[in-house]
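Observations on the three-dimensional arrangement
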Amino acid sequence: MIKKILIANRGEIALRIIRSCRELQIQTVSVYSDIDRHAMHVRLADEAYHIGPSPSAESYLKMDKILEIARRSGADAIHPGYGFLSENAEFAEKVKAAGLIFIGPSPEAIRTMGDKITARKTMIAAGVPVVPGTERVILDETDARKIVDEVGLPIMLKASAGGGGKGMRLVHTMKELMPSLRAARSEAETAFGNDAVYIERYIESPHHIEFQILGDQHDNYIHLGERECSVQRRHQKVIEETPSVLMTPELREEMGEKAIAAARSVHYEGAGTVEFLVDDKGNYFFLEMNTRLQVEHPVTEQVVGIDLVKEQIRVAQGDRLAITQKQVRQRGHSVECRIYAEDPDNNFMPSPGKVIKLREPNGPGIRVDGYVYEGFEIPIYYDPMISKLVTYGASREEAIQRMIRALDEYRIMGVKTSIPFLKRIMENRDFRDGKYNTHFIDTHQKELFPEESSETNRDTEELAAITALLEYLEDKKAKTAPSNGMVKKQSMWKEFGRKKAVTRL
Amino acid sequence: MTSYEIELKDRTVQAEVIEQGKDTVKASVNGKIYELDIRKVEPGVYSLLHAGKSLELQVTEGKKKNEYTVHLDGRNWDVQIIDADVRFQRNRNKGKPENGMQDISSPMPGKVVKVLVQKGDEVKEGQTLIIISAMKMESEYHAPRDAKIKDVLIQAGDTIEGNQPLITFE
């Protein structure tokens, strides 16, 4: 039985894990960098230990330091969250070697799925369809030309060690091939220290649909349905929902079986995600497998009623999966918006800083997985995500309408956020009709980044101007208020006492 | 009552508080009259009733002098009151580039991913000059106006500090 878990992460995901641990009555150990002493994951954990300077390379990525704290605190397991060390096979190995439980799959599974070319080969062997292309690294430029002749244009160049859109290039014509290949290689080299690149056929109007799977140590596997993640900006997910409007029960069953086959091929333990590209005709192709908890896991939790973090922990301590595939039911609809500290009106420039005011949305069907509080300074060193706003509704329409209501209620002052941009997407006709693919943001630039000239906008702006003017006049009055050069620093109680004495209350 | 010059996103208006009661305000913006029932319900938070509509506005101090950021309808509006102090400051800085004409500097520490211009280049307003990676995101920095590049102070791969000058204009 796991009694104490060290969480090797920070931010909202560290809180998310702490919450499930508490419900399971498991003790929690947080680690923190210099700047995170005040962070919520430190405040909410049972124990917390300093691990180093603020940059993640010197703190949250320090394997030996984390292991040392795990030993010192007497933790029996480590949960890596997502990002940082979550898909690092070497770390998973070290945790095991230290006699601790790594909450996640085996180092072999991480390694197989982490290398995109090995993953492709494994999927082909397991009978899972993959995007037409090569299974091997491009040798040189002549080789690249030969492969493109076979696969056909357009093609996608991808980094073998890749992820997150780095080292990726779309090539429409033979003329673009060489410059793109060079750029993809150099980007892959900088991002991953490995310039291996391979070629895939490019799927037109693709949907990004992924399947949540769970596996235990006894060779049982289930899938918990799909998540539609096609609303992306620069290959980064912005909005996720489940179910996908593209899905039919038949296609779900078929793709779910393939996702399970993918998991089985690497004896997958715990929670994982199999990503597919799906075209408008319902043809689907394996993209990659993420061997960790996903950022967008809450939408699945909302519709299937399963706490994925608890399942991860149970599987890690050797328990069998609590339910079978037949018992999995998707109920209603769930949507997630990622709220980032960035300025959508200024090219999504990151906007770190102090949160001056915070009011989170509330009420029926709302879930906020966040970590900031009033007075908290969002650090410059890590991902700018503030929270994930998740809504649940009986129907897609209700979940979306509820999201608009929740975005309206959400107040974050002090930093710029992506909230206005997210609201425009929720209100977009094509999005509401479910007519969108991964090109959605690019093809809807006009509606999503509107010119400011409408009459209502002018009125709103002028009301803002009047309110600011009133605040300014009040500030000015406070500054020039008569005082004998001293700053008034009396306590309210003193003032009350004095008033009382004068007016004889 | 005094009339104030107020700078909004891309226009400047003339605003005046005509009458201020305990909970009401009559104000004009460029001659348009607004009659509001307005209460400060929390520090920095105003509840407004305007033409039957209930609105909530949050006001925080902005980056520049006399600048306020107002949150309304899910959006942030930057508003600057141009009073004698601001005018004085601007006069003193005359000749120096200011207000959207300044050189490009980094708002936060990060890494230079790409430099797209060279010393002496003529650039157009909005043209991408450099790409910086910070907070795990890549951001493009654009030219604030048509200008000639005086100097490029960094190169790709450099690690940069917050507020470090990156590109200067002539």
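Just so it is clear, the model here is predicted, and its values are computed rather than measured.

1. Here's the deal with the packing of aromatic side chains
What characterises a pair of aromatic rings is the spacing of the ring centres plus the angle enclosed by the ring planes. Residues and elements named next belong to chain A. Per the stated rule, a full pass over the model turns up 15 aromatic pairs over all chains. Ring centres 4.9 Å apart and planes at 80° place the aromatic pair F348 and F421 in the edge-to-face group. One end of the pair, F348, is in the loop between β15 (342-343) and β16 (349-350); the other, F421, is in helix α13 (residues 419-427), with 73 residues separating them in the sequence. Judged by its relative accessible area of 4%, F348 falls in the buried class. Members of the aromatic cluster, each reached through a chain of ring pairs, are Y60, F84, Y381 and Y382. Seen from the ring of F348, R233 lies directly overhead, with NZ or CZ sitting 3.7 Å from the centre. Seen from the ring of F431, R396 lies directly overhead, with NZ or CZ sitting 5.0 Å from the centre.

2. Some remarks on the domain arrangement of chain A
Residue and element names in this part refer to chain A. One can read the domain layout of chain A as domain 1 (4-103), domain 2 (132-201) and domain 3 (207-448). Here domain 2 and domain 3 have C-alpha centroids that lie 29 Å from each other. The interface of domain 2 with domain 3 comprises 6 residues on the first partner and 4 residues on the second. Taken over both partners, the interface formed by domain 2 and domain 3 buries close to 390 Å², and the fraction arising from carbon and sulfur atoms is 57%. For the pair domain 2 and domain 3, the interface holds 0 salt bridges. In terms of residue class, the side of domain 2 that touches domain 3 is built from 3 nonpolar, 2 polar and 1 charged.

3. Examining the side chain of K158 of chain A
Residue and element names in this part refer to chain A. Along the chain, K158 falls in strand β6 (residues 155-159). A polar contact is formed between the side chain of K158 and the side chain of E200, at a distance of 3.2 Å. Beyond its immediate sequence surroundings of up to four residues, K158 is in contact with G167, M168, A196, V197, Y198, E200 and L287.

4. Observations concerning the pairing of strand β16 (residues 165-169) of chain B
Residue and element names in this part refer to chain B. With 4 of its 5 residues buried, β16 lies for the most part within the structure. Where strand β9 (residues 104-105) lies against β16, 2 bridges are found, and the strand directions are antiparallel. Pairing of S105 across the sheet is with P165, part of β16. As judged from the 3 bridges shared by strand β14 (residues 147-152) and β16, these two strands associate in the antiparallel manner. The residue bridging D151 from the neighbouring strand is T168, located in β16.

5. A look at the interface of chain A and chain B
Frequently, the measure chosen for interface size is the accessible area removed from exposure when the parts meet. Contacts between the two partners involve 47 residues from chain A, matched on the other side by 55 residues from chain B. Together, the buried faces of chain A and chain B total about 5,000 Å²; carbon and sulfur atoms form 60% of this surface. One can count 10 salt bridges joining chain A with chain B. Here E462 of chain A makes a salt bridge to R11 of chain B, at a shortest N to O gap of 3.3 Å. Elements represented by at least two residues in the side of chain A that touches chain B include exactly β16, β18 (357-359), β22 (411-413) and α17 (455-480) of chain A. Examining the composition of the side of chain A that touches chain B, we find that 20 residues originate from one element, α17 of chain A, more than from any other.

6. A closer look at the pattern of salt bridges
In total, this model carries 51 salt bridges over all chains according to the counting rule given. Between K237 of chain A and E296 of chain A there is a salt bridge; the shortest N-O distance is 2.9 Å. A residue pair is termed long-range when its members are at least 10 positions apart, and K237 of chain A in strand β11 (residues 236-242) and E296 of chain A in the loop between β13 (284-290) and α10 (297-304) qualify at 59 residues. Look at K237 of chain A and you get buried, because its relative accessible area is 11%. The salt bridge involving E42 of chain B is made with K357 of chain A; its shortest N-O contact spans 3.1 Å. Pair noted here: E42 of chain B is in strand β4 (residues 32-42) and K357 of chain A is in strand β18, and the two residues belong to different chains. The class for E42 of chain B is partly exposed, based on a relative accessible area of 41%.

Reading guide: rules and limits
- Residues numbered from 1 in each chain as written.
- Chains lettered and ligands numbered in written order.
- Predicted model: local features only at pLDDT ≥ 70, side-chain atom pairs only at ≥ 80, totals over all residues.
- Heavy atoms only, no water.
- Phe/Tyr/Trp six-rings, centres within 6.5 Å; stacked < 30°, edge-to-face > 60°.
- Helix = DSSP H or I, 4+ residues; strand = E, 2+ residues; numbered from the N terminus.
- Buried < 20%, exposed > 50% of the residue type's maximum accessible area, 1.4 Å probe, protein only.
- Lys NZ or Arg CZ within 6 Å of the ring centre and 35° of its normal.
- Domains from an automatic or database assignment.
- Contact = heavy atoms within 4.5 Å.
- Buried area = accessible area lost by both parts, 1.4 Å probe.
- Salt bridge = Lys/Arg side-chain N within 4 Å of Asp/Glu carboxyl O.
- Nonpolar A, V, L, I, M, F, W, Y, C, P; charged D, E, K, R; others polar.
- Polar contact = N/O pair within 3.5 Å; in protein donor to acceptor, adjacent residues only side chain to side chain.
- Pairing = 2+ DSSP bridges.

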